[in-house]
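Commentary on secondary and tertiary structure
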Amino acid sequence: MKTAFSVLLFFIVFANALFAQVKYEIFQSNKLGQEREIKIQLPRGFSKDVEKKYPLFIVLDGDYMFEAVAGNVDYFSYWEDMPEAIVVGVNQIDKRYDDCLYSEQNSLPIETGADFFEFIGMELIPHITSKYRAGNFRAAVGHGETANFINYYLLKPNPVFQAYISISPELAPNMLDYLPSNLKERQDKIFYYLANTVNDNKSIREMTAALNTDLSAIENKNVSYSFNSFESASRYSVPTHAIPNALQDIFKVFQPISKKEYKEEILELEISPVLYLEEKYQTIKDLFDIDKKILINDFKAIEAAIKKKEMYEYYEPLGKLARKHYPETLLGNYYIGRFYEETGEPKKAMRTYQTAYTLSEIGGITKDMVLDLADAIKEDFGY
């Protein structure tokens, strides 16, 4: 059943990708001294806002990995579980060994591997940034040898990537020491996703298991780390299992408040739930440079928490926040009316509900609803 579902999901995301803009370019690289084919998927809304910038995914092994990443990015962004993003695949047919070459002495890139490292960071990313409005948030994706290679960018003081999706990496020997040491001391925000399958060869299974043990033990709030080991995936199908999980983990803060987040985080808060909501969206701004409008779903989640915990004083700041984001609707007045009603000022509550009648309905809160609340107060207190 799981296999059938995975196949269905693959065809869904593949068909979805057809609606995005896919371009093919031949890039002349001075660093490599040769041409390299790249694939580029632009977001659906790319041409609508000529000022908007987008997160950037650089996908190695682009000859077979690009479609899997591009389809999932388009699919998740369509449902607003992640921002729209630019996906660039670098084809490495017959070049993978040379591109990923590293020293046997220190496990770091040498010769053609060092050239490829500079090609990505010094040529390809600046090209995509200037031509296609890529923003400052960048993710690297690799599988096997290239999953090891993307780690070299993380070892630099100011890495060009903030997120790493490493799938069944064939790790260089010293990487088992380099990565934990580096991530333990990071002062900037880093997302690191690691995956393997039980059907990987023995060396990959053992090295990824050892790396997971070390990375799981790191206590650094700047590092967001997650790991999956898939039982049913083959060596070749594991990217189609790993990529959706990686995107969900990396863009967790971007997603609407879930039942899990509501129960495990919001209901356990020792601070204002309204402050939690504001900080959630400020984090989205800081990480992805996106001014995302607070979702009605998220307003309702905070409203539910206020009601459940009887923290009625927080209705007022929630109402002010709603007025800021949805000024033409009655959402803000509704929450401020609830604040007055629950804190012993029924006349103010009644008037606030009544003035909401001139505003637009939203999120299931109707004009009839607020008038009924006003009438109930009027009847109870005889105003």
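Remember, predicted model here, so these are calculated numbers, not experimental data. (Residues numbered from 1 in each chain as written. Predicted model: local features only at pLDDT ≥ 70, side-chain atom pairs only at ≥ 80, totals over all residues. Heavy atoms only, no water.)

**Considering the overall build of the protein chain**
Counting its regular elements, the protein chain contains 16 helices and 8 strands. Structurally, the protein chain occupies a C-alpha span of about 85 × 45 × 45 Å along its principal axes. Counting the 383 residues in the protein chain, one finds 50% classified as buried. Counting contacts in the protein chain only where the partners sit at least 6 residues apart, residues at least 24 apart contribute 71% of the total. Of the roughly 18,700 Å² of accessible surface on the protein chain, a fraction of 50% belongs to carbon and sulfur atoms. (Helix = DSSP H or I, 4+ residues; strand = E, 2+ residues; numbered from the N terminus. Buried < 20%, exposed > 50% of the residue type's maximum accessible area, 1.4 Å probe, protein only. Contact = heavy atoms within 4.5 Å. Areas by Shrake-Rupley, 256 points an atom, 1.4 Å probe, with all protein chains shown as cover.)

**A few points about the confidence of the model for the protein chain**
On average, residues of the protein chain score 93 in pLDDT, and 95% of them are at 70 or above. Of the regions scoring below 50 in pLDDT, residues 1-18 engages in 16 contacts with residues more than four places distant in sequence or in other chains. (pLDDT = per-residue confidence, 0-100.)

**Focus: helix α9 (residues 238-250)**
Across its 13 residues, α9 extends 18 Å between first and last C-alpha, which sits within 8% of the 18 Å expected from 1.5 Å per residue. Those residues of α9 lying buried are Val238, Pro239, His241, Ala242, Ile243, Pro244, Ala246, Leu247 and Ile250. (Expected span 1.5 Å × (residues − 1).)

**Things to note about the layout of surface pockets**
As a volume, the second largest pocket reaches approximately 340 Å³. Lys52, Ser77, Glu80, Glu84 and Phe254 are the residues nearest the centre of the second largest pocket, which is lined by 18 residues in total. When residues of the lining of the second largest pocket are traced back to their parent elements, those giving at least two are β3 (54-59) and α2 (62-78). Looking at the lining of the second largest pocket element by element, the count peaks at 3 residues for α2. (1 Å grid on protein atoms, 1.4 Å probe; cavity = no way out; pocket = protein on both sides within 12 Å on 5 of 7 lines; lining within 4 Å. Points joined across faces, edges and corners; volume = space filled by probe spheres on them.)

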